[in-house]
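Listed below are the residues making up each chain.
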Amino acid sequence: MPREAEISVNERAFILQALQEDIRLDGRAFDAFRPLELSFGDEYGVADVQFGKTRVIARISVDVTAPLPERKFDGIFQIVTEFSPMASPAFEVGRPTDAEVILARILEKTIRRSNALDTESLCIIAGLKCFALRADVHIIDHDGGLIDASCVAVMAALQHFRRPDVIVEGEKATILSIREREPIPLSILHQPLCVTFSYFEEGEIFLVDANLAEEQVRQGEVIISMNKHGEICQVAKYGGATIDALALLNCTNVALQKVKEFSKTIQKRLEEDAKKRDAGGLMAELSAENAR
Amino acid sequence: MAPLPTADLTTLHRADGSATYTHLSHTIIGSVNGPIEVQRRDELPSSATLEVNIRPAGGVGTPRERHLETLVHDTLRSVVLVEKIPRTLVQVTLQVRSLPEEESGGADSSTTASSLTLLPHLLHTSLLALLSASIPLRTTLTSTVVAIPRDGQGMLVSPTANELLRRRPMRSIHVFAFDGEGKLLLNESEGEFGVEEWDEACEMAEEVCCKGDGGVGLGEGMDVDGEGQAQSLEAWLRGVVGRKVEVEQRWRVAT
C-alpha cells in the first residue's frame, strides 16, 4: 500500500496564493458546490451521487434478525463505510485510514443518532424479530468532499428504499416478497445533510466543497449537519487553527441554504424516479403504506 | 444465446484504469492501479505482485468473495506479464454494483445458485480494466458459464439468473476461460458430472468464447432461441477496445 501522494510545495503555494486573490482553481465561487448529480438504480435503495469527479454509491439492504436484547422495540440500522483501493491506492482493505474513521463517525452522528430513520418502525415482533437495515457506502471515485457526497447518497438511498411488507399473526411473521405485495417506504423523520467547510489562513477564508487538492492544503474543516428546517444535528471541527464564533454562525447560514438546495434536488430526482416506475399509474392502488 | 455484455472503458477519474461492465443485469465496476509501489512483505523479486479485491454489492466480503478473489488472481497472473514489471504492485478492485433481482434478495440468499455464475463477469471486468490501465498482458481472455440441468438435457450457456432459478437445481455448473489463442485458461466446476458432459460443456463454451465469427455453426442439441449467428466474446472484446481506441485517437484522424 503506497502512501497518498502529497501535494508539492509549489502547488500548495499556488493554491493558497490564488485563494488570497479570491480565485479557486476550478473557477468556482467560495460558497459554490460542484454540480450534484444523483441517479437511482433499477433496484430500490441504490443511489449514485456525483460531485464533480467524486462519486459515491450507497446501497440499502434489509435482513430479518432478532433485535438487541436491551432495545426490544427497535429495529437495527447500521451504516457501513469501507474504503477500497478503487478510490485511491492509499486505501487498504481492513485498515481504516483517518478519513474513513471520520466519515463513519460523522455519518453515524448525522443520520443514526439524529434519528433520521424511525427504527421503531422496523420492529416486527417485540423482542423476537425485527428488520436489520444496512447502508453500504461505496466510494468509487475520490476527489474530495466525501462526507457531503456520502451523506447525500445515504439519505437519498434511504428515501428510495422500500422494505418488504409483513403479516404478523401472533408469534408468526410472514415476510411478503416484492412480487406478492408492493413494498413499503421507510419512515423517515427528517433529512439531515452535511456541509463541509474548509478553512484557510487562520479562518479568514472558508471554502465549501473543497476538492482533493484544496483538502490537502487546508488548515482544518468544520462539518455542519442540519436538515432543511435549519435544525443542526451536529457540528464537528477537525484541524488545528482556531475559528471565530461569528464565522461559525455564518457557516450555519450558508449550510442551511445548501441543505435546502440538496433536499430539493433529492426530492425532484425521487419524484422523477417514482414517475418512471409508476408506468401504468397503478402505484397508488398497490401501495400498502399507511399514512403516518 | 444470451445478449453480449456492454462495457465502457476508463469510467473513473482517479484510478489508472477502469471499466464498467454490464451483462444480464450484473453490473460491475472494475479499477486497476498499477504498476505502483509494493509493500516490502508482498514484494516479489522477479515478478509483479497482483492484488485482487472483490467487494460485494451489500455487506463486507465473505469467504465467497475470498474464494472468487483467489480464482481471479490465479487466472490474471497467467494473463499479466508479471515478469516485465518486477517488484511492483498491480491492484485490481472489482466492485459489484448490481445483481439480478433473483440473486440480490438479501434475506433469502439461498436463491443464489452458485458463486461461480459471477466469475466470468469478474474476469471480463478485470481484463478490461487492465487493458484500460495499459498493464502489459500476455494475452486476452474470454470466459463463460455452462450450466447442466438435472435431467442433463439442454445445457445452458451463460444463462440468466431467471433461467437458473427456474431450472433449479442444476446438476453442475462450469466456468471456462480461454485465452486469445483459444487455449483453456481456467476451468472451475461445481456439482456432479461425467467426462463426456464436461467435454461437451467445454466445447460449447469454446464456441461462445472464441469461434463464432469464423462461420463455425453452433453444435446441435444446444437449445438456443435462434437469434442467428451471434458474435463471439472474443470479437466483442475486440470491438469494445477498438471503439475506445478510436475515440481516443480522434485527434490524430481529424488532422
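Residues numbered from 1 in each chain as written. Chains lettered and ligands numbered in written order. Predicted model: local features only at pLDDT ≥ 70, side-chain atom pairs only at ≥ 80, totals over all residues. Heavy atoms only, no water.

- An unreviewed UniProt entry lists chain B under the name Exoribonuclease phosphorolytic domain-containing protein, from Aaosphaeria arxii CBS 175.79.
- Among the UniProt annotations of chain B, the heading Subcellular location (unreviewed entry) holds the following wording: "Nucleus". (UniProt positions renumbered as here; feature names shortened; annotations may be inferred.)

- The name given to chain A in an unreviewed UniProt entry is Exosome complex component RRP45, and the organism recorded there is Aaosphaeria arxii CBS 175.79.

**Some words on the overall build of chain A**
Consideration 1: On a plain count of helices and strands, chain A comes out with 6 helices and 14 strands.
Consideration 2: Whereas a compact globule of 292 residues would reach a radius of gyration of roughly 19 Å, chain A reaches 21 Å, a difference of no more than 12%.
Consideration 3: The proportion of buried residues among the 292 residues of chain A is 51%.
Consideration 4: When the accessible surface of chain A is totalled, it reaches about 13,900 Å², and 50% of it is carbon and sulfur. (Helix = DSSP H or I, 4+ residues; strand = E, 2+ residues; numbered from the N terminus. Rg over C-alpha atoms; globule rule 2.2 N^0.38 Å. Buried < 20%, exposed > 50% of the residue type's maximum accessible area, 1.4 Å probe, protein only. Areas by Shrake-Rupley, 256 points an atom, 1.4 Å probe, with all protein chains shown as cover.)

**Focus: the overall build of chain B**
Consideration 1: Helices and strands together make up the secondary structure of chain B, namely 6 helices and 9 strands.
Consideration 2: For chain B, with 255 residues in total, the buried portion stands at 53%.
Consideration 3: Of all intrachain contacts in chain B linking residues separated by at least 6 positions in sequence, the fraction that spans at least 24 positions is 66%.
Consideration 4: When the accessible surface of chain B is summed, it comes to about 11,600 Å², and 49% of that surface belongs to carbon and sulfur atoms. (Contact = heavy atoms within 4.5 Å.)

**Structural notes on the interface of chain B and chain A**
When the parts of a complex come together, some accessible area is lost, and that lost area is often used as the size of the interface.
Consideration 1: The partner chain A presents 33 residues to the 31 residues of chain B that form the contact.
Consideration 2: Summed over both sides, the interface of chain B with chain A buries roughly 2,700 Å², with 48% coming from carbon and sulfur.
Consideration 3: There are 3 salt bridges connecting chain B and chain A.
Consideration 4: Glu82(A) is the partner of Arg55(B) in a salt bridge, and the nearest nitrogen-oxygen pair spans 3.0 Å. (Buried area = accessible area lost by both parts, 1.4 Å probe. Salt bridge = Lys/Arg side-chain N within 4 Å of Asp/Glu carboxyl O.)

**Some points on the UniProt feature "domain: Exoribonuclease phosphorolytic" (unreviewed entry) in chain A**
Consideration 1: Per the UniProt record, the feature "domain: Exoribonuclease phosphorolytic" (unreviewed entry) sits at residues 33–164 and 190–257 of chain A.
Consideration 2: In residues 33–164 of chain A, the share of helix is 23% and the share of strand is 36%. The end C-alpha atoms are 36 Å apart.

**A short note on unusual backbone geometry**
Consideration 1: With omega at -10°, the peptide bond leading from Gly34(B) into Pro35(B) counts as cis.
Consideration 2: Structurally, Pro35(B) can be placed in strand E3 (residues 26–36).
Consideration 3: Positive phi values are uncommon outside glycine, yet Glu201(A) reaches one of about 50°.
Consideration 4: Among the secondary structure elements, Glu201(A) is positioned in the loop between strand E11 (193–200) and strand E12 (205–208).
Consideration 5: You can call Glu201(A) partly exposed: its relative accessible area is 29%.
Consideration 6: Backbone geometry places Ser25(B), a non-glycine residue, at a positive phi of 60°.
Consideration 7: For Ser25(B), the position within the fold is in the loop between strand E2 (17–23) and E3.

**A few points about the pattern of salt bridges**
Consideration 1: One pass over the structure, following the stated rule, counts 25 salt bridges over all chains.
Consideration 2: For Arg95(A), the salt bridge identified is with Glu92(A), shortest N-O distance 3.5 Å.
Consideration 3: Arg64(B) serves as the salt-bridge partner of Glu65(B), at 3.6 Å between the closest nitrogen and oxygen.
Consideration 4: With relative accessibility at 5%, the residue Glu65(B) sits in the buried group.
Consideration 5: If you follow the salt bridges from partner to partner, you end up with Asp26(A), Arg28(A), Arg34(A), Asp143(A) and Asp209(A) in one network.

**Notes on the packing of aromatic side chains**
Residue and element names in this part refer to chain A.
Consideration 1: Throughout the structure, instances matching the rule amount to 8 aromatic pairs over all chains.
Consideration 2: With 5.4 Å between their ring centres and 40° between their planes, Phe 33 and Phe 51 make a pair best called tilted. With Phe 33 in the loop between helix H1 (9–20) and strand E1 (36–40) and Phe 51 in strand E2 (residues 46–51), this pair connects stretches of sequence that are 18 residues apart. Here Phe 33 and Phe 51 have matching classes, each one buried.
Consideration 3: Relative to Phe 206, the ring of Tyr 199 lies with its centre 5.9 Å away and its plane at 50°, an arrangement referred to as tilted.
Consideration 4: Taken together, the ring pairs connect Phe 33, Phe 51 and Phe 262 into an aromatic cluster. (Phe/Tyr/Trp six-rings, centres within 6.5 Å; stacked < 30°, edge-to-face > 60°.)

**Structural notes on the nonpolar core**
Consideration 1: With 67 residues, the main nonpolar core has Ile111(A), Leu133(A), Leu158(A) and Phe197(A) as its most contacted residues.
Consideration 2: It is helix H3 (residues 146–160) of chain A that contributes the most residues to this core, 11 residues altogether.
Consideration 3: When neighbours within four sequence positions are excluded, Leu158(A) is seen to be in contact with Ile60(A), Phe77(A), Ile111(A), Leu133(A), Leu186(A) and Ile188(A).
Consideration 4: If you look at the next biggest cluster of nonpolar residues, it comprises 64 residues, including Ile28(B), Ala48(B), Leu76(B) and Ala147(B). (Core = buried A, V, L, I, M, F, W, Y, C linked by side-chain atoms within 4.5 Å.)

**Points about the side chain of Glu69(B)**
Residue and element names in this part refer to chain B.
Consideration 1: Tracing the sequence through the fold places Glu 69 in helix H1 (residues 63–77).
Consideration 2: The exposure class assigned to Glu 69 is buried, which follows from its relative accessible area of 11%.
Consideration 3: A distance of 2.9 Å separates the side chain of Glu 69 from the backbone nitrogen of Ile 54, its partner in a polar contact.
Consideration 4: Apart from the residues lying within four places of it in its own chain, the contact partners of Glu 69 are Val 52, Asn 53 and Ile 54. (Polar contact = N/O pair within 3.5 Å; in protein donor to acceptor, adjacent residues only side chain to side chain.)

**Re the sheet that holds E12(A)**
To summarise the sheet geometry, strands pair through backbone hydrogen bonds and adopt either a parallel or an antiparallel arrangement.
Residues and elements named next belong to chain A.
Consideration 1: One open sheet holds the 4 strands; their spatial order is E12-E11-E13-E14, and the pairing between them is antiparallel. Single-partner strands in this sheet number two, and they are E12 and strand E14 (232–239). Going from strand to strand, the sheet's axes swing by 20° on average, the running direction of each strand aside.
Consideration 2: By the bridge criterion, 7 bridges tie strand E13 (residues 220–226) to E14 in an arrangement that is antiparallel. (Pairing = 2+ DSSP bridges. Axes fitted to C-alpha atoms, helices over the stretch in contact; angles between N-to-C directions.)

**A look at H3(A)**
Residues spaced three or four apart along an α-helix point in a common direction, a consequence of the helix completing one turn every 3.6 residues.
Consideration 1: If you check H3(A), its first and last C-alpha atoms are 21 Å apart, about what 15 residues at 1.5 Å a residue would give, namely 21 Å.
Consideration 2: Taken across its 15 residues, H3(A) has 15 buried, putting it largely inside the fold. (Expected span 1.5 Å × (residues − 1).)

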